[in-house]
Structure formats: C-alpha cells, structure tokens
Amino acid sequence: MTATTASDQVELIVPVRPRFGSTLRVLTSALAADCGFSIDEIDDIRLGLSEGFNVLSDTVSGDQSEGHRVRVTFRPGQDHLAVTVHSIPGNSAPLEFDELATSILRSVLDDVTIDAEGVSMAKRASEAHAPTDAES
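Description of the structure in this document. Residue numbering note: each chain is counted from 1, following its sequence as written. Only residues with pLDDT of at least 70 get local features here, since the model is predicted, and only at 80 or more are side-chain atom pairs given and counted; chain-wide, interface and lining totals rely on the full set of residues. Calculation of side-chain values draws on the structure's entire complement of heavy atoms; hydrogens and water are dropped beforehand.

### Concerning the overall build of the protein
Where helices and strands are cited, they refer to DSSP runs of H or I of at least four residues and of E of at least two residues respectively, numbered from the N terminus. Counting secondary structure elements, the protein contains three helices and five strands. In the protein, the succession of helices and strands from N to C terminus is β-α-α-β-β-α-β-β. The rule is simple: take the accessible area with a 1.4 Å probe, protein chains only, and divide by the maximum for that residue type; under 20% is buried, over 50% is exposed, in between is partly exposed. A total of 136 residues make up the protein; the buried ones form 43% of that total. Exposure was quantified through the Shrake-Rupley algorithm and a 1.4 Å probe, taking into account, for residues, occlusion by the shown protein chains and nothing else. A total of about 7200 Å² of accessible surface is found on the protein, and carbon and sulfur atoms cover 50% of it.

See below:
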C-alpha cells in the first residue's frame, strides 16, 4: 500500500436514522480491510462506529430526527483508520456518552476523543496484518 494523503479522506453526510448505520459499517469494513486490519480489528472499528452513531441517533430520535444529519469522516492510513462521527452544527442536541458506551469505545479502539458534537476514534492494524509496500 502506498502512503496516504489528505485526498484519501472519505466523508459522508447521512441522516441520523438507525438504518444508515449499516451503510456506514459496510464502508468502515472496506476501508479497514484496505488498511490491512484483521477480521477482529475490523469488528472493533465497526463496533466503535456503531456506538458513536447510535449515541447520536438516540439523541435525536422520533420526529426530532427529521432533517438532522451526521458527518462521518474516514481517514485511512497505511496501517490505521481514523473515524469521526459528528453532528452537523445546529442539527442536534449535544451528545452525552454514557459510561457503558465510553467503556466500549475505549476497550476496542486505540484512540478515542469524545466531545459535545460526537466522537473521534482511531484503530491501528497489528503489525502482523498491516500491508507492506510490496503487497500493493
């Protein structure tokens, strides 16, 4: 795999509805596989994304969800994947991650930053699975 640049960033804006979580998980899986993640590592980053998206979905549920959107940004690297799940400013109430959600995020991801707009997370591929330049 060659070095990644800012142009490799993928950004989606989706409605804050649970059904769009599966779309985000599929893209997360594909990008994580490209980064050389093992199946278990792919599951970890998918779980982290799901937790972040679910907290945002729970914050704006029911009739309030109409028109609310979330921005999901993926920054793939040679052996890591960074993901941010943030509400679009003015589109939802501040997020509150409970102790369980925070614990799950911190147990499966390498880096987690939570703020009122959402969560930023990163996972690194283990050295045994990370692709080398010769493999690309």
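### Here's the deal with the pattern of salt bridges
It is possible for side chains of opposite charge to pair when their charged atoms get near one another. We define a salt bridge as a contact between a side-chain nitrogen of Lys or Arg and a carboxyl oxygen of Asp or Glu at a distance within 4 Å. Enumeration over the complete set of coordinates arrives at three salt bridges. Lys123 is the partner of Asp44 in a salt bridge, and the nearest nitrogen-oxygen pair spans 3.1 Å. Placement of Asp44 in helix α2 (residues 39-59) and of Lys123 in strand β5 (residues 118-124) is noted, with a sequence separation of 79 residues between them. Overall, Lys123 belongs to the buried group, its relative accessible area being 9%. In this structure, the salt-bridge partner of Arg124 is Asp111, at a minimum N-O distance of 3.0 Å. Highlighted residues: Arg124 in strand β5 and Asp111 in strand β4 (residues 111-115), separated in sequence by 13 residues. For Arg124, a relative accessible area of 42% translates into the label partly exposed. For Asp111, a relative accessible area of 38% translates into the label partly exposed.

### Remarks on helix α1 (residues 20-34)
With 15 residues, α1 extends 22 Å between its outermost C-alpha atoms, agreeing within 8% with the 21 Å of an ideal straight helix rising 1.5 Å per residue. For α1, the set of buried residues is Gly21, Leu24, Thr28, Ser29, Leu31 and Ala32. Close packing links the buried residues of α1 with β1 (10-15), α2, β2 (69-76) and β3 (80-87). Following α1 by one or two positions, Gly36 adopts a phi angle in the positive range, close to 90°. Multiplying 1.5 Å by the residue count of a helix minus one yields the expected span of that helix. Contact criterion: two residues are considered in contact whenever any of their non-hydrogen atoms come within 4.5 Å of each other.

### Things to note about the environment of Ala30
Tracing the backbone through its elements, the reader meets Ala30 in helix α1. In this structure Ala30 comes out as partly exposed when scored by relative accessible area, which is 41%. As for Ala30 and Ile42, which are separated by twelve residues in sequence, their C-alpha atoms are 8.8 Å apart.

### Brief notes about α2
Across its 21 residues, α2 extends 30 Å between first and last C-alpha, which sits within 8% of the 30 Å expected from 1.5 Å per residue. Buried within α2 are the following residues: Glu41, Ile42, Ile45, Gly48, Leu49, Ser50, Glu51, Gly52, Phe53, Val55, Leu56 and Ser57. Contacts made by the buried residues of α2 are with β1, α1, β2, β3, α3 (99-108) and β5.

### Quick look at the nonpolar core
Throughout, nonpolar core names a set of buried Ala, Val, Leu, Ile, Met, Phe, Trp, Tyr and Cys residues whose side chains join them through atoms within 4.5 Å. Ranked by size, the top nonpolar core spans 29 residues in total, and within it Phe37, Val70, Val72, Leu81, Val83 and Val85 carry the most contacts. If you list the elements that add at least two residues to this core, you get α1, α2, β2, β3, α3 and β5.

### Topic: the environment of Arg69
Note that Arg69 resides in strand β2. Look at Arg69 and you get partly exposed, because its relative accessible area is 35%. For the pair Arg69 and Ile88, spaced 19 residues apart in sequence, the C-alpha to C-alpha distance is 6.1 Å.

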